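# Inside the fold
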Amino acid sequence: MRLRISRETTFTYDPPASGVIQVLRLTPGNHDGQYVADWNVDLSVDTKLDMQHDAFGNVTHVFTHVPNGGPLESLTVQVSGLVETQDTGGVLKGTAERFPPGFFLRSTPLTEASAEMLELARELQAETGGDTLRLLHALMLQIGARMTLTIDPASIGTTAIEAFEARHGVYQDFAHVFTACARAVRIPARYVSGHLFRPNGAAGPNSGHAWTEAYVPDLGWVGFDPVGGSCTTDAHARVAIGLDYLGAAPVRGTRYGGGNETTSVAVTVAQAGRHNNQ
């Protein structure tokens, strides 16, 4: 599938900020099921972009707007490009792995599991006879059945426990819950940020998508999307990974001076000339 992706993120500062530092994880990478044919990163301010790879191997761009550049009232980050994807049944191949799978057993404040979440994971483990792949499929379906997707942006501080207790959340919350439950029964799991193409004009929250990759013996890393109730397909464009949202956040940084910060995000994912808002 050929996906044309565009994402525009605008920050507004009131009063203006005197300085801004941002780390962008907005550029997808290549692997056996994904090829980046074209990709561009543009900023509304004149500044240098430094490209590098972070500890997880994600492509990052870092820029700094220093105080002597004048007060900054707003900042827009625009990325766009063409990504060619193939359906691999969710199995991820051809990535440069910086850490062994066991590293992704590490819990974080956003991905801790409650007693209820641990009980669910253990019950499914018993029902599936300890078969890792069957367990993960069952966990994905259970999370989708127990939680409702919300379209209002959630705080990046929402934890897996809070989202599971509330029984609702945005994409990042579903991914955190899945990750926490998998790790609770000693299955390596990691957070993935990216984009999703929705066919037939289906609507969704106008921001990025998120899912989880879990490690399955003899298969390797497999993508699970608990919102859609399926493994990842060629409709998913993979961008960044981390232990949780904070490690794969599309845009993360800080500012100097200024008061309130307002953020707006608009994402469009289209296939072969058809336009579809994500």
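Below is a short write-up of the structure. (Residues numbered from 1 in each chain as written. Predicted model: local features only at pLDDT ≥ 70, side-chain atom pairs only at ≥ 80, totals over all residues. Heavy atoms only, no water.)

### Topic: the overall build of the protein chain
Summing up its helical and strand segments, the protein chain has five helices and 15 strands in all. Expected size for 278 residues packed as a compact globule is a radius of gyration near 19 Å; at 19 Å, the protein chain falls within 12% of this value. Expressed as lengths along the three principal axes of its C-alpha atoms, the size of the protein chain is roughly 60 × 40 × 35 Å. Residue burial in the protein chain is summarised as follows: out of 278 residues, 49% are buried. Across the protein chain, contacts joining residues at least 24 apart in sequence account for 75% of those joining residues at least 6 apart. (Helix = DSSP H or I, 4+ residues; strand = E, 2+ residues; numbered from the N terminus. Rg over C-alpha atoms; globule rule 2.2 N^0.38 Å. Buried < 20%, exposed > 50% of the residue type's maximum accessible area, 1.4 Å probe, protein only. Contact = heavy atoms within 4.5 Å.)

### Some details on the side chain of T9
Within the secondary structure, T9 is located in strand 1 (residues 2–17). When its relative accessible area of 2% is taken as the criterion, T9 is described as buried. Of note is the side chain of T9, whose polar atom sits 3.3 Å from the side chain of R7. The contact partners of T9, leaving out residues within four places of it in the chain, are L75, T76, V77, T263, S264 and V265. (Polar contact = N/O pair within 3.5 Å; in protein donor to acceptor, adjacent residues only side chain to side chain.)

### Thoughts on helix 1 (residues 115–127)
The end-to-end C-alpha distance of helix 1 is 18 Å, a good match for the 18 Å that 13 residues give at a rise of 1.5 Å each. When helix 1 is considered as a whole, its buried residues turn out to be M117, L120, A121 and L124. One side of helix 1 holds all its buried residues, which, seen down the axis, span an arc of 95 degrees. Away from its buried face by more than 90 degrees, helix 1 exposes A115, R122 and A126. (Expected span 1.5 Å × (residues − 1). Arc of directions from axis to C-beta.)

### Topic: the environment of F224
Checked against the element boundaries, F224 lands in strand 11 (residues 220–225). In this structure, the C-alpha to C-alpha distance between F224 and E8, residues 216 residues apart in sequence, is 26 Å. Filtering out sequence-adjacent residues up to four positions away, F224 remains in contact with L133, L136, H137, M140, F178, W211, T212, A214, S230, C231 and T232.

### Details of the packing of aromatic side chains
Scanning all chains against the criterion turns up nine aromatic pairs. Between F104 and W221, the aromatic rings sit 5.4 Å apart at their centres with planes inclined by 85 degrees, giving edge-to-face as the arrangement. Placement of the pair is F104 in the loop between strand 6 (72–85) and helix 1 and W221 in strand 11, with a sequence separation of 117 residues. On the basis of relative accessible area, W221 is assigned to the buried category, the value being 5%. Seen from their ring centres, F178 and F224 are 5.5 Å apart, and the 20 degrees between their planes marks the pair as stacked. Within this pair, whereas F178 is found in helix 4 (residues 171–184), its partner F224 is found in strand 11, the two being separated by 46 residues in sequence. Classification of F224 as buried rests on a relative accessible area of 0%. (Phe/Tyr/Trp six-rings, centres within 6.5 Å; stacked < 30°, edge-to-face > 60°.)

### Brief notes about helix 4
With 14 residues, helix 4 ought to run about 20 Å at 1.5 Å a step, and its terminal C-alpha atoms sit 20 Å apart, in line with that. Within helix 4, 13 of the 14 residues are buried, which leaves the element mostly enclosed by the surrounding structure. Following helix 4 by one or two positions, R186 adopts a phi angle in the positive range, close to 65 degrees.

### Structural notes on the pattern of salt bridges
Enumeration over the complete set of coordinates arrives at seven salt bridges. The salt bridge involving E97 is made with R190; its shortest N-O contact spans 2.8 Å. Here R190 lies in strand 9 (residues 189–196) and E97 lies in the loop between strand 6 and helix 1, a separation of 93 residues in the sequence. Put simply, E116 and R167 hold a salt bridge, and the shortest N to O gap is 2.6 Å. Of this pair, E116 sits in helix 1 while R167 sits in the loop between helix 3 (160–166) and strand 8 (168–169), and the two are 51 residues apart along the sequence. Its relative accessible area of 26% is what places R167 among the partly exposed residues. Counted as one network, the salt bridges with shared partners bring together E97, R190, E213 and R238. (Salt bridge = Lys/Arg side-chain N within 4 Å of Asp/Glu carboxyl O.)

### Things to note about unusual backbone geometry
A cis amide bond, omega -5 degrees, links D14 with the succeeding residue P15. Looking at the secondary structure, you find P15 in strand 1. In the Ramachandran plot, R167 falls in the positive-phi region, its phi being about 65 degrees despite a non-glycine side chain. Positive phi, close to 65 degrees, is recorded for R186, a residue that is not glycine. When you line up the elements, R186 lands in the loop between helix 4 and strand 9.

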